Amino acid sequence: MTVTEQESGPEGSDDEGDMPGAGGALYTPSPRRLERERHRRARARRATAIAALSTLVTGVVLYFVVVSAPGWPRTKETFFNGQYAREALPKVLEGLWLNVRLLLVCGVAVLVLGMLIAVARTLRGPVFFPLRALAAAYTDFFRGLPLIINLMIVVLGVPALRLQGVTVDPVWLGGTALTLTYSAYVAEVFRAGIESVHPSQRAAARSLGLSNRQALRYVVLPQAVRRQVPPLLNDLVSLQKDTGLVSIGGAIDAVRAADIIVGRSLNYTPYIVAGLVFVALTIPMTRFTDWVTARMDRRRAQGGTT
Amino acid sequence: MSDAPVLRMESVRKTFGDSVVLRDVDLDVAPHTVTALIGASGSGKSTLLRCANLLEDVDDGAIWLDGEEITDPRVDQDAVRRRIGVVFQAYNLFPHMTVLENVTLAPRRVHGVPRAEAEEHAGELLERLGLGGRAGEYPDRLSGGQQQRVAIVRALAVRPRLLLLDEITAALDPELVGEVLDVVRDLKGDGMTMVLATHEMGFAREVADQVCFLDAGVVLERGTAEQVFADPQQERTQRFLRRIVKAGRL
């Protein structure tokens, strides 16, 4: 016998319906309940059938629209060429390793720098005014500056200065630019988290004699970070694909690897390959984000909002 | 000087914008006594407690803790708060910490008590308040009454000189109020000095050595529980108590 989820009460009370006759009192589902469940099952079957049909129809329509387009044969040749795809894939994957490394290093740097900026913005007292102002100016500036322009300034501009001891490696410079921009976003995520912790929590911590810094360290930040995991992961997903932009400095990542083949062959298939590879890399991360978010929502729904 | 007040307030004034919450409050709390603050919502009971713990700065007047003026701006506020325990209406437990972590946070981080020692003391207190098996739980797994008892243990864990209780039963279901009030009775038996803001008039009458009726930012009437409840002198106190009786709360 099936007991659908809607039926078991939100309180999670003992539901004898799960195991008829297992408890002391013998319970037999009433005909009314059986009828209701039959109806729900029928409705669920119908919904699945409709979803399948409409997917099929949409797919077929899209296929014919694309294939019957006047430029399709040519487009197919330049964007979806199997031979170039096979040629590009290993090189793109080789380049992708750079993107993955960039993601890991920049991801860590962004989390650290973002947290420092967020904390700087919450500091009180006149001594910290310059730090507060600097942090505010930083987030304002780098959230507004288009990433591509930031990258060009750092990757092309810094080497032009010919500074002693400063790297001209486009990977390092590109990573720096990514870190600068993303730290600004992540700082705002952290700050929102810090502000979302109810003032009564800070009051409770201070009433125990904790200093402002200890209250932040032990009470406010742990709660803020936990709450902000979903938006943080979202930003990391975004960072993951934006690592492809370091190719503008000439670093051979997945995008640049595709670019090289395109330049030689004048066939765009390698771009499609690189794009799909990025999507394939992003999907697990997105699913992970969804899973974490759902888990946290469930926890909150269980009543952890003291 | 053993009867020197633990807490002393003189002409305390506190405003929030245009609203004067405490107009002119005087208060003396003798050691090992319980003071109950009663009065309508908004009469300033909670604000008085928050001022006593320096969670709010007073506008005027002065407060002394064990003879030291704590409203002096040169005083180390964190050091003052370490000597005062507070229990809030909404418990304010830290949801990301277990019961044991909630209780040992301040002893370990503020007082530098070694972990093992802090946990042992916490364990004893939890045991005493009937929370023996709950040390590893997170607050959201506990009932309101249990959460409030954990909050009391948390406040006691730093061995405070004075305990401030801010309407600690107001957020509880009626059947859970008793277990929390039992704890307060026990603490009184131990000689803990306490100031409690409360709407539980029956309890205030039973447990308080001194009752203060707050009205419009002043202590309008004060005395022993018998004096204030049985023979109130002020017309406004009489009216307040009549309303309470009518509502069946006394």
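Residues numbered from 1 in each chain as written. Chains lettered and ligands numbered in written order. Predicted model: local features only at pLDDT ≥ 70, side-chain atom pairs only at ≥ 80, totals over all residues.

Regarding its fold elements, chain A presents 11 helices and 0 strands. Along chain A, helices and strands appear, N-terminal first, in the series α-α-α-α-α-α-α-α-α-α-α. In chain A, buried positions account for 27% of the 306 residues. Sequence separation of at least 24 residues holds for 72% of the intrachain contacts in chain A that already meet a minimum separation of 6. (Helix = DSSP H or I, 4+ residues; strand = E, 2+ residues; numbered from the N terminus. Buried ≥ 20, exposed ≤ 12 C-beta atoms within 10 Å, placed from the backbone. Contact = placed C-beta atoms within 7 Å.)

Turning next to the domain arrangement of chain B. Residues and elements named next belong to chain B. Splitting chain B by domain gives domain 1 (1-83 + 167-250) and domain 2 (93-160). On a C-alpha basis, the centres of domain 1 and domain 2 stand 25 Å from each other. At the junction of the two partners, domain 1 supplies 10 residues and domain 2 supplies 10 residues. Top contributing element to the side of domain 1 that touches domain 2 by residue count: helix α6 (residues 174-189), with 4 residues. Residues belonging to the side of domain 1 that touches domain 2 are distributed by class as follows: 6 nonpolar, no polar and 4 charged. (Domains from an automatic or database assignment. Nonpolar A, V, L, I, M, F, W, Y, C, P; charged D, E, K, R; others polar.)

Further remarks concern the nonpolar core. Ranked by internal contacts, the top residues of the largest apolar core, which has 115 residues, are Leu 7, Leu 37, Val 153 and Leu 164 of chain B. The element that contributes the greatest number of residues to this core is helix α6 (residues 170-196) of chain A, accounting for 13 residues. Non-local contacts of Leu 37 of chain B, meaning those with residues more than four positions away in its chain, are made with Lys 45, Leu 48, Val 195, Leu 196, Ala 197, Cys 212 and Leu 214 of chain B. With 12 residues, the next largest nonpolar core counts Val 92, Leu 96, Ala 254 and Ala 274 of chain A among its residues. (Core = buried A, V, L, I, M, F, W, Y, C linked by C-beta atoms within 7 Å.)

With that settled, consider the environment of Met 152 of chain A. All names here are of chain A. With respect to the helices, strands and loops of the structure, Met 152 is situated in helix α5 (residues 147-161). A tally of 15 C-beta atoms within 10 Å means that Met 152 is categorised as partly exposed. Sequence separation between Met 152 and Val 108 is 44 residues, and the spatial gap between their C-alpha atoms is 23 Å.

Chain-level pLDDT for chain B is 92 on average; 98% of the residues reach the 70-or-more range. This complex was scored by the predictor with a pTM of 0.79 and an ipTM of 0.88. (pLDDT = per-residue confidence, 0-100.)

Residue and element names in this part refer to chain B. With 13 residues, helix α5 (residues 144-156) extends 18 Å from end C-alpha to end C-alpha; this agrees with the ideal 18 Å at 1.5 Å per step. For α5, the tally of buried residues reaches 12 of 13 residues, placing the bulk of the element in the interior. Restricting attention to buried positions, one finds in α5 the residues Gly 145, Gln 146, Gln 147, Gln 148, Arg 149, Val 150, Ala 151, Ile 152, Val 153, Arg 154, Ala 155 and Leu 156. (Expected span 1.5 Å × (residues − 1).)

Residues and elements named next belong to chain B. Look at helix α3 (residues 99-109) against helix α4 (residues 115-128): their axes get within 9 Å of each other, and the N-to-C directions meet at 125°. As the angle between them shows, α3 and α4 are arranged oblique. Handedness of the α3/α4 crossing: right-handed. Two secondary-structure elements touch here, α3 through Val 99, Leu 100, Val 103, Thr 104, Pro 107 and Arg 108 and α4 through Arg 115, Ala 118, Glu 119, His 121, Ala 122 and Leu 126. Its residues placed into classes, the contact of α3 with α4 shows 7 nonpolar, 2 polar and 3 charged. (Axes fitted to C-alpha atoms, helices over the stretch in contact; angles between N-to-C directions. Parallel < 35°, antiparallel > 145°, perpendicular 65-115°, else oblique. Left-handed = near helix turned anticlockwise from the far one by under 90°.)

In this assembly, 22 residues from chain B lie in contact with 19 residues from chain A. Contributions of two or more residues to the side of chain B that touches chain A are made by α2 (77-82) and α3 of chain B. Taken together, the residues of the side of chain B that touches chain A sort by class into 13 nonpolar, 4 polar and 5 charged.

Let's shift gears to unusual backbone geometry. Residue and element names in this part refer to chain B. The backbone phi angle of Asp 66 is positive, close to 50°, even though this residue is not glycine. In this structure, Asp 66 sits in the loop between β4 (60-65) and β5 (68-69). With a phi close to 50°, Arg 159 is a non-glycine residue in the positive phi region. Mapped onto the elements of the fold, Arg 159 is located in the loop between α5 and β7 (162-166). With 11 C-beta atoms counted inside 10 Å, the residue Arg 159 sits in the exposed group.

This part covers the pairing of β4 of chain B. Residues and elements named next belong to chain B. In this structure, strand β1 (residues 7-16) lies alongside β4, joined through 5 bridges in antiparallel fashion. For Leu 7, the partnering residue across the bridge sits in β4 and is Leu 65. The pairing of β4 with β5 spans 2 bridges and is classified as antiparallel. Bridge assignment links Leu 65 to a residue of β5, and that residue is Glu 68. The hairpin formed by β4 and β5 contains 2 residues between the paired strands, and Asp 66 there has a positive phi angle of roughly 50°. (Pairing = 2+ DSSP bridges.)

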